[in-house]
Amino acid sequence: MDVLDVVHGQIERARADARNHRHFGRALRTYRAALRRLDALTEPAVVRSVARARARVLVGVATCEYERGTEREHVLRLLDEAEALGTSVGDAGISALVRSHRGLLLMRMGDLLGARVELDAALERIDDDHDLVPALLNRGWLALENGEVEAAVSDLARCRDLAAREGGDPAMRLMAEHNLGYAWFLGGDLPAALRSMDAAAHDAPPEHAGIGLMDKAAVLYEAGLLSEAADALGRAATVLADTRTWRDLIDAQIGQARCLVGLGRYPEANALARRVRGRARRAGHDLLDLRAGLISIDARHGILVDGGAPPRAFLRLAHDAADLAERARTVPGADRIAVDLELVVAESAVRGGAPEAATERLRLLPPAAGLSLGTQVRAQVVRALVAFAADDRRGGLAAVRKGHRLLAQQRQRLGAVEAVTAASAHGIRLQAVDLGAALRSGRAEAIFDAVERGRATFAGSGRVRPPEDPEMAALVGGARRLAERARQLEGDPGSAPEQVQLRRAARRLQSQARERSWHADGQAEVPRPTSARELRRALEGAGSDRVVLDLMMIKDRVCAVRVDAHGSRLLDLAPLAPTLEQVRRVRADLQALSNPLLPQPLRATASQSLVRSLTRLDDALLRGADVTGPVYIAARDRLVSVPWSLLPSRRGLSTVVNSWVTSGHAGWAAESALAVAGPSLRHAGAEAAEVARVWGSDALLDGDATCAAVADAVEQASVVHLAAHGTHEPDNPVFSSLLLADGPLFAHELDGRDLSRSVMVLSACDVGSASIRHGGEPLGLTSVLLRMGARAVIAAVAPLRDDVAVRVMPALHQGLRDGLRPGEALARAVADEPEPVPLVCFGPLVL
């Protein structure tokens, strides 16, 4: 092997160390060893080959030095030296190679204009596919940085196809695929972005995980999956720290601070952003310094808003943000940072009592195209604040409605029910401004409309029917088998370690299935919000005596808008903290009373405590609202899981609950029923058989009650009764489940089913519970069924004893068979039951 062959081998090893393993120090040692070998080659016949090899080595050295934090000037001098080699031997290919890499490094340094000049020039001259592939990759990424999505897709698709050819570069193919995902992200197609990124990550080496996770986190953030984005960035930071990729590590930590702002954890966000900003300054990364400064400014704004700061505090913040925006306008590549800072200036100015200054700042904003969803929505937030401050309610509402249209457009692209609920995180500020203006008006109808505008945007389903996905089916089926195997081992003390392993493995598969569900495209329409005026007219037209109570938590109070056929009024019902404490006590008492082995003295104590707490909740929330007949309650957060039917004033009266106000069809009549009994419940079989007898239908018992059979059957029956063990998973609510013959049936498996014909009765513990997403959207088995269009879901919000269920459920179904509506049938069935029954009727308002 001659010396040049050895040098080329060293170059490839060094590139692999730098690119695949992020071992920049080891790569530099290899490159320098190659330079020493090249120094010994002076024969005229190899001058051109030596120059080309030396240029490649110097390019590699420059890249490694940049990654290690070497000063910009030294890195660029190395590239100048490499380009001079091409000039000295008249080799345009060397110049093209160097200009391609200079373009990449200028882009990473924030000089996007200079990067574009270099990359365009390089691509005009490159005549070797080996060099063309990275140049296309880099120009595609530059187009993404500039928001030129179509140009990016063109370069990246060409790069991917060239790299996928026989003898091509698999690593480059994966990077091009990943970056195509980022292009879909910038184009607003978040499911497609996640599909491409996850496909690339599946085959990528572990050391590439850091950058991949950072980009995926950006998509998750835009989708409203803020906690998941923060988790991805945390994992990215670990990889980047291990590989000593300091610049990207700073970038990941800035992303973590941004997620904390989105989650409302402003002091933590500010502290982290300030620490990271100091590191960016010391490393000379102007762009990262500005990004961290923006996050710190935004966190400070959140602290002021939450704390009800005086106007002068907002004006000081506006001054600081304006100074940073001015600096951002002088730094290449910081245009979007400047836009976000201008919005903070404008919002702080209007909150500081200077709406004219805010208006001037809004005039500086560029066209919305190319701006992130969060930036576009925030612009509408500021416009609404300015209009409301000027008593221009019409202008304020126009901005609010435009903001909701922007959110609805994104929500329509999301197919998974979890993604739809998560997207509500981007509407928090918008709804706060809308509701704040409505509260200042003092008009109950305006307050009701503001609340329901925000809730409706993220209500309903994301898709009509999930597409066939063999990989998803394998993940869900595997998780079911592992969970069922662990359950079968219960009671065997010697198998405890195996049970732990099985459940851990099942959770891993559930997490993978959950992430894969985010790949689904949206299909369903966004629901239209109900207005107070429309609701009152509907109640009046139906001659209904029903009261609609729209509950909300405003600062430290529980408030409600009460609407009936005669009008609407705003009610200040109770202090929030004591109310939530009563809710907690009710749940604890119901948990205790569900244990049939509880000693009688403790049972008596728990019963007395339960009665006291229920009475206090009743007095605060319903008697204070003058509710004496049938009621429809719209509630969020922990109030949605109150056992409303157990409140003393509700005995024998219809109570229907939902997370928003939506109307159902009045013409429903039961045509068929399905009764199902799961395993390991003493009375489940008898309960299902008795329900089937009421309807004159068959029951799925024992081995017939499989997950596949039940999932297929629920769309066909008018009434579905499921008597089974239920589990609510707080950390992964779409995998809340009902235990059937072959294992758990997960809520995820019902996402996309058409339940518009069905009343669902879940005779199971806790499946009426919900986890509350940031933004207020509830998520659990019951909420998934409601989003699929179920006419009603009757479910327990606390443990339900099966001996109680077997007494109550036949009476409930007899009421449904007799033509009662679900809320009425439940009220009649539990009216005379001596034991507490934590069943609640969830569903739309039917008049």
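These figures come from a predicted structure and were not determined experimentally.

J.: Would you explain the sheet that holds strand β11 (residues 743-746) in this entry?
T.: Within a beta sheet, neighbouring strands are joined by backbone hydrogen bonds and run either parallel or antiparallel to one another. A sheet is described by the order of its strands in space; here 3 strands give the open sequence β9-β10-β11, paired in antiparallel fashion. Each edge of the open sheet carries a strand with a single partner, namely β9 (726-727) and β11. One ladder, built from 2 bridges, connects β9 with strand β10 (residues 737-740); its direction is antiparallel. Among the inter-strand pairings, threonine 727 is bridged to a residue of β10, identified as serine 737.

J.: What exactly am I supposed to notice about the sheet that holds strand β16 (residues 839-842) here?
T.: The strand order β3-β2-β1-β4-β5-β16-β15-β12-β8-β6-β7 describes an open sheet built from 11 strands, whose pairing is mixed. Pairing within the sheet leaves two strands with one partner each, and these edge strands are β3 (567-575) and β7 (699-700). Packed onto the sheet, helix α23 (residues 444-457) meets β1 (547-554), β2 (557-564), β3 and β4 (631-634) and runs at close to 75° relative to β1. Of the strands in this sheet, β1, β2 and β3 are in contact with helix α27 (residues 576-593), which crosses β3 at around 80°.

J.: Any chance you could explain the packing of aromatic side chains here in plain terms?
T.: Centre distance and the angle of the planes are the two values used to describe a pair of aromatic rings. The full count for this structure, using the stated rule, is 3 aromatic pairs. Between the aromatic rings of tryptophan 141 and tyrosine 182, the centroid separation amounts to 5.1 Å while the plane-to-plane angle is 50°, which identifies the pairing as tilted. Highlighted residues: tryptophan 141 in helix α7 (residues 129-145) and tyrosine 182 in helix α9 (residues 170-186), separated in sequence by 41 residues. Here tryptophan 141 and tyrosine 182 have matching classes, each one buried. Taking NZ or CZ as reference, arginine 258 lies 3.7 Å from the ring centre of tyrosine 221, over its face.

J.: Looking at this structure, how should I read the packing of helix α16 (residues 311-328) against helix α17 (residues 335-351)?
T.: Two measures define how a pair of helices packs: the angle their axes make with one another and the distance between the axes. Two numbers describe how α16 lies on α17: the axes approach to 8 Å, and their chain directions differ by 160°. When the axis of α16 is compared with that of α17, the two are roughly antiparallel. The hand of the α16/α17 crossing is left-handed. Across from Pro311, Phe314, Leu315, Leu317, Ala318, Ala321, Ala322, Leu324, Ala325 and Ala328 in α16, the residues of α17 making contact are Ile337, Ala338, Leu341, Glu342, Val344, Val345, Ser348, Ala349 and Arg351. Looking at side-chain class alone, the contact of α16 with α17 contains 16 nonpolar, 1 polar and 2 charged residues.

J.: Looking at this model, I keep getting lost on the pattern of salt bridges. Mind explaining?
T.: Any two side chains of opposite charge can pair if their charged atoms end up close together. Scanning the entire structure with this criterion turns up 67 salt bridges. Two residues, aspartate 550 and arginine 455, come together in a salt bridge whose shortest N-O distance is 2.7 Å. Here the residue aspartate 550 occupies a position in strand β1, and arginine 455 occupies one in helix α23, the gap between them amounting to 95 residues. With respect to burial, aspartate 550 and arginine 455 carry one shared label: buried. A salt bridge links arginine 480 to glutamate 749; the shortest N-O distance between them is 2.9 Å. Highlighted residues: arginine 480 in helix α24 (residues 470-488) and glutamate 749 in the loop between β11 and β12 (759-763), separated in sequence by 269 residues. What makes arginine 480 buried here is its relative accessible area of 12%.

J.: Got a minute to help me understand helix α26 (residues 532-541) in this structure?
T.: Side chains three or four residues apart in an α-helix point the same way, a direct result of the helix having 3.6 residues per turn. Three or more residues of α26 are buried, namely Ala532, Leu535 and Leu539. In a view along the axis of α26, the buried residues occupy a sector of 65°, so they form one face of it. In α26, the exposed positions that point more than 90 degrees away from the buried face belong to Arg537 and Gly541. Check the buried side of α26 and you find it contacts α23, β1 and β2. A positive backbone phi angle near 65° is found at glycine 543, which sits one or two residues after α26.

J.: Sorry, what's going on with the side chain of aspartate 169 here?
T.: Structurally, the position occupied by aspartate 169 is in the loop between α8 (149-163) and α9. The residues touching aspartate 169, leaving out its near neighbours within four places in the chain, are Arg19 and Ala163.

J.: Honestly, the pairing of strand β8 (residues 719-723) in this entry has me stumped. Any pointers?
T.: Within a regular beta strand, the side chains point alternately toward one face of the sheet and then the other, so they alternate between its two faces. The buried fraction of β8 amounts to 5 of the 5 residues, a majority that puts the element mostly inside the structure. Of the two faces of β8, the one holding Val719, His721 and Ala723 and the one holding Val720 and Leu722 are both buried throughout. Strand direction decides the pairing type here: strand β6 (residues 673-677) and β8, joined by 5 bridges, are parallel. Residue pairing for β8: valine 676 is matched across the bridge by leucine 722. Relative to β12, β8 is paired through 5 bridges, and the arrangement is parallel. Among the inter-strand pairings, valine 720 is bridged to a residue of β12, identified as methionine 760.

J.: Hey, could you run me through the pairing of β2 in this one?
T.: Most of β2 sits inside the fold, with 7 of its 8 residues counted as buried. Examined bridge by bridge, β1 and β2 share 7 bridges and lie antiparallel to one another. Following the sheet pairing, methionine 552 is matched in β2 by cysteine 559. Once β1 ends, the chain turns through 2 residues before running back antiparallel as β2, passing lysine 555 with a positive phi of about 55°.

Parameters at a glance
- Residues numbered from 1 in each chain as written.
- Predicted model: local features only at pLDDT ≥ 70, side-chain atom pairs only at ≥ 80, totals over all residues.
- Heavy atoms only, no water.
- Pairing = 2+ DSSP bridges.
- Helix = DSSP H or I, 4+ residues; strand = E, 2+ residues; numbered from the N terminus.
- Contact = heavy atoms within 4.5 Å.
- Axes fitted to C-alpha atoms, helices over the stretch in contact; angles between N-to-C directions.
- Phe/Tyr/Trp six-rings, centres within 6.5 Å; stacked < 30°, edge-to-face > 60°.
- Buried < 20%, exposed > 50% of the residue type's maximum accessible area, 1.4 Å probe, protein only.
- Lys NZ or Arg CZ within 6 Å of the ring centre and 35° of its normal.
- Parallel < 35°, antiparallel > 145°, perpendicular 65-115°, else oblique.
- Left-handed = near helix turned anticlockwise from the far one by under 90°.
- Nonpolar A, V, L, I, M, F, W, Y, C, P; charged D, E, K, R; others polar.
- Salt bridge = Lys/Arg side-chain N within 4 Å of Asp/Glu carboxyl O.
- Arc of directions from axis to C-beta.

Everything listed here is a matter of coordinates, which is why it stays silent on function.
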